[in-house]
Structure formats: C-alpha cells, structure tokens
Amino acid sequence: MGSHHNGDRASSSNGGAALVDKDVDFAQYFCTYAFLYHQKEMLSDRVRMDAYYNAIFQNKHHFHGKVVLDVGTGSGILAIWSAQAGASKVYAVEATKMAEHARTLVKENNLQDVVEVIEGSMEDVTLPEKVDVIISEWMGYFLLRESMFDSVICARDRWLKPSGVMYPSHARMWMAPIRSGLVDQKKGDYDGAMDDWYNFVEDTKTYYGVDMNALTKPFNEEQRKYYLQTAMWQNLHPHQVIGIAAIIKEIDCLTATVNDVLEVRSNFSSSITMENTRLCGFGGWFDVHFRGRKDDLAQQEVELTTAPSVDDGTHWGQQVFLLHPPDRISEGDCLNVSFMMNRSKENHRLMEVEIGYEIRQSSGRSLPTLKNKFYIE
Ligand SMILES: C[S@@+](CC[C@H](N)C(=O)[O-])C[C@H]1O[C@@H](n2cnc3c(N)ncnc32)[C@H](O)[C@@H]1O
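What you are looking at is a predicted structure, and each value in this text was computed from that prediction instead of being measured. (Residues numbered from 1 in each chain as written. Predicted model: local features only at pLDDT ≥ 70, side-chain atom pairs only at ≥ 80, totals over all residues. Heavy atoms only, no water.)

(A) The arrangement of the nonpolar core in detail. Formed by 97 residues in total, the largest nonpolar core has its most connected members in Leu69, Trp138, Leu143, Leu144, Phe339 and Met341. Once residues lying within four places of it in the same chain are set aside, the contact partners of Met341 are Phe142, Leu144, Met173, Leu262, Glu263, Val264, Met351, Glu352, Val353 and Ile376. Within the second largest apolar cluster, twelve residues are counted, among which are Ala176, Ile178, Cys280 and Leu322. (Core = buried A, V, L, I, M, F, W, Y, C linked by side-chain atoms within 4.5 Å. Buried < 20%, exposed > 50% of the residue type's maximum accessible area, 1.4 Å probe, protein only. Contact = heavy atoms within 4.5 Å.)

(B) Summary view of the sheet that holds strand E5 (residues 160-167). Sheet architecture is open: five strands sit in the order E3-E2-E1-E4-E5, paired in parallel fashion. Each of the sheet's edge strands pairs with one partner strand only, and the pair in question is strand E3 (115-119) and E5. Shown here is a sheet whose adjacent strand axes are inclined to one another by a mean of 20°, direction ignored. Strand direction decides the pairing type here: strand E1 (residues 67-71) and strand E2 (residues 89-94), joined by five bridges, are parallel. Each bridged residue has a counterpart across the sheet, and for Val68 the counterpart in E2 is Val90. Strand contacts of helix H5 (residues 98-108): E2 and E3, with the helix running at about 170° to E3, the strand carrying the most contacts. (Pairing = 2+ DSSP bridges. Helix = DSSP H or I, 4+ residues; strand = E, 2+ residues; numbered from the N terminus. Axes fitted to C-alpha atoms, helices over the stretch in contact; angles between N-to-C directions.)

(C) View of the pairing of strand E13 (residues 334-343). Pairing between strand E9 (residues 263-271) and E13: nine bridges, direction antiparallel. Along E13, the bridge assignment pairs Ser269 with Asn336. The pairing of E13 with strand E14 (residues 351-360) spans ten bridges and is classified as antiparallel. Paired with Phe339 across the bridge in E14 is Ile355.

(D) Inspection of the packing of helix H7 (residues 182-208) against helix H8 (residues 216-228) at higher detail. The contact between H7 and H8 brings their axes to 9 Å, and the two run at 160°. Accordingly, the angle class assigned to the pair H7 and H8 is roughly antiparallel. Crossing angle aside, the handedness with which H7 passes H8 is right-handed. Of the residues in H8, those touching H7 at Lys186, Lys187, Asp189, Tyr190, Ala193, Met194, Trp197, Tyr198 and Val201 are Thr216, Phe219, Asn220, Gln223, Arg224, Tyr227 and Leu228. (Parallel < 35°, antiparallel > 145°, perpendicular 65-115°, else oblique. Left-handed = near helix turned anticlockwise from the far one by under 90°.)

Structure below.
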C-alpha cells in the first residue's frame, strides 16, 4: 500500500455494477503495485507476514502435494512459501510488471520447477488445471477498499476444485466509537481554508474587480469533503476506543458472491465504556481467519487482525470517520448506529459511507439522530 493517506493496494473486475475501463483501472490502481517500494511496505508488515507465514507452515497438509493458485502474487512471496510448504505446483498470477521480479525471486530460490509466474489479470488468465488451494492477500483499507476480492471470487468460481480451500477462509469488518484530537485539528484546517477563501474573495474584488463570492458555496463543499468527510488512515491506540466494537460484516470466502460485497449495511448498538469523554467519530477495521473448510479444517487456525493495538499495528491501520462537532458522552450511554457502505460510482475501488447515529443517554434521554456522509478515497 502506498502512503498513509490512502495509497493504493490493486484488480480488474467489473465491480459487479458498471463496466470498468481496464486502461483507466491500470493507470489509477495497478500502477502503484508495479513499484518495489510498495511491495516492500507490505513485505515489511510483520503482523501480515507472520499471519500468512504461520497459516501456510502450520497447515502444511493443505499445501503438501497440492496445486495452489496465488491471486495477485506481487513479489511472489505467498507462492514461494506455498512451494516451500510442499505444493506440487503453484500458479502465481500478477497483473503488473512485478511479475518479472517475482520470476527472479522464484528462480533465485530454486523453485522454478514448482512456481509458474503468469503475468496477466486473473480475470483473463487460463490455467491448465483446477486447483486445491487459492491463496491471496486481497484486503484493502477497511477490508473492501480496492474491490480486489472480486478477482478472488472470479478465480474461485473458475479454478477452485469443489473440495478446494480458501486462504484466508473468512473475513470480518468491525466498527467502534472513538475519541481523537484529530477532530479538532481537521476542523481547524477547514476553518483556516475558509478564512483564506474569504480573504481571497475580498482581494480579488479589490484588486481585480471580479466578485468570486458566487463560488463560496462550491468551494465550501469541496473543502468540507476534503477536511471533514474523507476517512482518515490512523493507527489508533486502544485507549481511543470508547465503546464496544461491533461486527458489521462477515464474509465466507468460499461462498461469498460479488453481490454480497457490493454493499455493506449494518445496524448496531455500542455501549460506551469510558467515563466523561467525547464521541469524536468511528473507527473501522477488519480481521481475516485461516480456518480451512468445514470438511477439511486447518490444523492450526490463524487470525490476522488490524484492530487498534499498541505493539501489533499494521500498514492497514484503521479508517477513521470523524464527527463534527463531537458529542459529550459517558459510560453507560448507548449508541444506535446505522452504517452503509457502497462503491463510488466514479471508481468502483473507492467507497462511500453513510453513518447515522443516535445517543441514548443513561438518564433515558435520546439525542436526535445525526447522519454523516464520508468518502474512503
Ligand atoms: C496486496 S498485494 C499482495 C501481493 C503479495 N501477494 C503479497 O502478499 O505480498 C496485491 C497484488 O495483487 C495484484 N492484483 C490485484 N488484482 C489482480 C488481478 N485481478 N489480477 C492479477 N493481479 C492482481 C496487484 O497488482 C498486487 O501486486
């Protein structure tokens, strides 16, 4: 993944809705994955690496003598591990030129007889046989950003044997109320940008004789979106979580369809667990599990979580949705939240989010429901 302000991680499916222009998709999305610095960032994420490493090497029975497909192999790391764990054949599919680097690594590690690197979009590739295992690291910010899971679904439906296993096998999205000083900082930035605009309008009128004020409204909307409504990348401290976290989506990777992940809708409640604090927003994260399948379980189940953590932060961090203004809130209060996330119409790899929430105070009083719109860019 690129910079922490929502860089890109990568696919080329049709998003389940509108048709996607592959050239545009390549320019906007895949391109970043062609850089080694980007792959290195993922390869340096110890939580991510340990989880996949343990999932493979503690469950060698799923790999030994088996045919494996790695969807989006990048540097080839998961394909190489699969081969080292005893796979008889690994197809490693990668859309970008990173495939060439993967090929180099495969050769240097003496696995060229087992791992076949194929440069191409998963959706376009034809394999000579069906596979026993599909492994992929497809997760974007807040799980579904990038919509790369579509490509995994496509691969599964075309190439996985009926008895096949998915790595990971399950995924969940989580959400919790949080406190954060960022809410004040962003509001300050936004106010500063608007003050600057008003000065600009005045100066333009004074010095150049043109009144720009008619553009104040659209400028304001633009700045609000940028400073106040764009979800932020954060590595939250667990102490910033002020209420019970809720699961808002569960995905069985063996059976989920694109339709199942086009939209996420959840109504949940969260009890506030911190005395006299501020509700500054909501934090969203995900976890995935490697459990094998019901009739062919993992010997050692592995979890990869991106929950707020002091020592085990990941490059995914959490996505933070800030509320302006924040509300005073205290232990015993309860939040009723309605959450909705859809793909952006302009770019199926980006997301739009609506969060409605109502505070029920421990006194029994309810505050009016507030609705907020956000963009995961
Ligand atoms: C998050 S990276 C993971 C890379 C590597 N598997 C790892 O774990 O380090 C996802 C990779 O999948 C590739 N990718 C995404 N969608 C793809 C598709 N539809 N076909 C082929 N490659 C794809 C991207 O270019 C990127 O290199």
